[in-house]
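Examining the three-dimensional arrangement
Single-letter residue listing:
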Amino acid sequence: MTVLDDIIVGVTEDMAERRRLVGLDELKERAAAVAPALDAWTALGGPSARRDELKVIAEIKRRSPSKGDLASIVDPAALAAQYADGGASVISVLTEQRRFNGSLADLDAVRAAVDIPLLRKDFTVDEYQIWEARAHGADLILLIAAALSDAQLRDFSALSHELGMNVLVETHTHGEIERAAAAQARIIGVNVRNLKTLDVDRSLFALLAGSIPAGAVVVAESGVRNADDVAHYAGHGAHAILVGEALVSDSTPRERISEFKAAGAAAMAVRT
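Below, the structure is looked at part by part. (Residues numbered from 1 in each chain as written. Predicted model: local features only at pLDDT ≥ 70, side-chain atom pairs only at ≥ 80, totals over all residues. Heavy atoms only, no water.)

1. Quick look at the overall build of the protein chain
What the protein chain contains, in helices and strands, is twelve helices and ten strands. A compact globule built from 272 residues should have a C-alpha radius of gyration of about 19 Å, and the protein chain, at 17 Å, falls within 12% of that. Oriented by its inertia axes, the alpha-carbon framework of the protein chain measures out at about 55 × 40 × 40 Å. Burial statistics for the protein chain: of 272 residues in total, 55% are counted as buried. Within the protein chain, contacts between residues at least 6 apart in sequence are counted, and of these 68% link residues at least 24 apart. Total accessible area computed for the protein chain in this model is approximately 11100 Å², and 50% of it derives from carbon and sulfur atoms. Within the protein chain, the 39 negative side-chain charges are centred at a point lying 2 Å from the centre of the 29 positive side-chain charges. (Helix = DSSP H or I, 4+ residues; strand = E, 2+ residues; numbered from the N terminus. Rg over C-alpha atoms; globule rule 2.2 N^0.38 Å. Buried < 20%, exposed > 50% of the residue type's maximum accessible area, 1.4 Å probe, protein only. Contact = heavy atoms within 4.5 Å. Areas by Shrake-Rupley, 256 points an atom, 1.4 Å probe, with all protein chains shown as cover. Lys, Arg positive; Asp, Glu negative; His and termini not counted. Charge placed at Lys NZ, Arg CZ, Asp CG, Glu CD.)

2. Comments concerning the side chain of aspartate 14
Assignment of secondary structure puts aspartate 14 in helix 1 (residues 3-21). In contact with aspartate 14, other than residues within four places in its own chain, are Gln97 and Arg98.

3. Considering the sheet that holds strand 4 (residues 90-94)
Each strand in a sheet pairs with its neighbour through backbone hydrogen bonds, running either in the same direction (parallel) or in the opposite one (antiparallel). The eight strands lie next to each other as 1-4-5-6-7-8-9-10, forming a closed barrel whose pairing is parallel. Averaged over all pairs of adjacent strands, the angle between their axes in this sheet comes to 25°, without regard to strand direction. The pairing of strand 4 with strand 5 (residues 118-121) spans four bridges and is parallel. Paired with leucine 94 across the strands is lysine 121, a residue of strand 5. Against the sheet, helix 4 (residues 76-86) contacts strand 1 (55-60) and strand 4, and its axis sits at roughly 170° relative to strand 1. (Pairing = 2+ DSSP bridges. Axes fitted to C-alpha atoms, helices over the stretch in contact; angles between N-to-C directions.)

4. Describing the pairing of strand 9 (residues 217-221)
For a regular strand, side chains alternate in direction, first toward one face of the sheet and then toward the other. With five of five residues buried, strand 9 lies mostly within the body of the structure. Burial of the side chains of strand 9 extends over both faces: Val217, Val219 and Glu221 are buried on one face and Val218 and Ala220 on the other. In the sheet, strand 8 (residues 187-191) pairs with strand 9 via five bridges, with the strands oriented parallel. Following the sheet pairing, glycine 189 is matched in strand 9 by valine 219.

5. Section: helix 5 (residues 104-113)
Those residues of helix 5 not exposed but buried are Leu104, Asp106, Leu107 and Val110. Looking down the long axis of helix 5, one finds its buried residues gathered within 150° of arc, a one-sided arrangement. Seen from the buried face of helix 5, the exposed residues on the opposite side, beyond 90 degrees, are Ala105 and Ala112. The elements touched by buried residues of helix 5 are helix 1, strand 1, helix 4, strand 4, strand 5 and helix 6 (127-135). At the N-terminal end of helix 5, a side-chain oxygen is found 3.3 Å from the backbone nitrogen of alanine 105, two or three residues along, and the residue is serine 103. (Arc of directions from axis to C-beta. Polar contact = N/O pair within 3.5 Å; in protein donor to acceptor, adjacent residues only side chain to side chain.)

6. Some details on the nonpolar core
Counting 96 residues, the largest nonpolar core has Ile60, Tyr83, Ile91, Phe205 and Ile241 as the members making the most contacts within it. Discounting chain neighbours no more than four positions away, the residues touching isoleucine 241 are Leu54, Lys55, Val56, Ile57, Val219, Ala220, Val230, Tyr233 and Phe260. (Core = buried A, V, L, I, M, F, W, Y, C linked by side-chain atoms within 4.5 Å.)

7. Brief notes about the pattern of salt bridges
With the rule as written, the count across this model stands at 24 salt bridges. Of the charged contacts, one joins arginine 120 and glutamate 132 as a salt bridge, the two residues approaching to 3.2 Å between their closest N and O atoms. Of this pair, arginine 120 sits in strand 5 while glutamate 132 sits in helix 6, and the two are twelve residues apart along the sequence. The partner of aspartate 150 in a salt bridge is arginine 179, with the nearest N and O atoms 2.5 Å apart. Remark: arginine 179 occurs in helix 8 (residues 174-182) and aspartate 150 occurs in helix 7 (residues 150-162); sequence separation between them is 29 residues. Look at the salt bridges and you will find they share partners, linking Arg18, Arg120, Asp122 and Glu132 into a network. (Salt bridge = Lys/Arg side-chain N within 4 Å of Asp/Glu carboxyl O.)

8. With respect to the pairing of strand 1
With respect to burial, strand 1 is a largely interior element, six of its six residues being buried. Neither face of strand 1 is exposed, since Lys55, Ile57 and Glu59 on one face and Val56, Ala58 and Ile60 on the opposite face are all buried. The sheet contact formed by strand 1 and strand 10 (residues 240-243) spans four bridges and is parallel. Its bridge partner being in strand 10, alanine 58 is matched across the sheet by valine 243. Looking at chain direction, strand 1 and strand 4 are connected through four bridges and run parallel. Within strand 4, the position partnered with alanine 58 by the bridge is isoleucine 91.

9. Digging into the packing of helix 6 against helix 7
Each pair of packed helices can be summarised by the angle the axes make with each other and by the distance between the axes. Across the interface, helix 6 lies against helix 7 with an axial gap of 10 Å and an inter-helix angle of 25°. Relative to helix 7, the element helix 6 is oriented roughly parallel. As helix 6 runs across helix 7, the sense of the crossing is right-handed. Only Phe156, Leu159 and Ser160 of helix 7 make contact with helix 6, whose side of the interface consists of Glu127, Ile130 and Trp131. For the contact of helix 6 with helix 7, a count of residues per class yields four nonpolar, one polar and one charged. (Parallel < 35°, antiparallel > 145°, perpendicular 65-115°, else oblique. Left-handed = near helix turned anticlockwise from the far one by under 90°. Nonpolar A, V, L, I, M, F, W, Y, C, P; charged D, E, K, R; others polar.)

In structure tokens form, the structure reads like this:
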């Protein structure tokens, strides 16, 4: 069993418990009562947004399977406010419990604190989680190509769009990029971390990003340690980066985001 398989087993068990407490019909009522989703597509560099400015998806992340504990994050709302002040375009909130120590309560707290789009970062394997994301104020969800069939990618994307949300489709291979394109994904991420082994290969982004269809927002995921890594990704076609560890482990995340945005803009200027 791979690391990804093991995570999905836990996600499925935890979701079943939540579903026992809140049925799908009740969840749909809650989703209908929240404010409409914000436009994460444009925020990340959609066709009406500038493409000469690197966008940052800043993540609320307490721990990871590869590194263990990263930060306690007693007040996720306060951290989110710092991210927003630093210029983050989207805030990602990890809600997976067992491996990342996240929760939907974190998503609720962050939603109440900021008015920029939120990504519910989790391992989506059931439509229940999509309704759940919207009910808790998410504007964007993650779909991991390696964890889903073609039919699930298509159906989960369609449901998300029906609910007004956007979708970040995460890929790790050329084949997964082709599948994301076939599902008409408009925001496609390249995760340089192999979720089956947790190995990181930063050179993978340059190998894959060029095959993402023109017009899609390209997101570089994982492996961001410093401004040099940001410049590498931006120089090879990233419109946005998703970064967690480098921010939660820094005492000045607001300033670090500004640094990353500047490094990205400089690299993008050279590229164009």
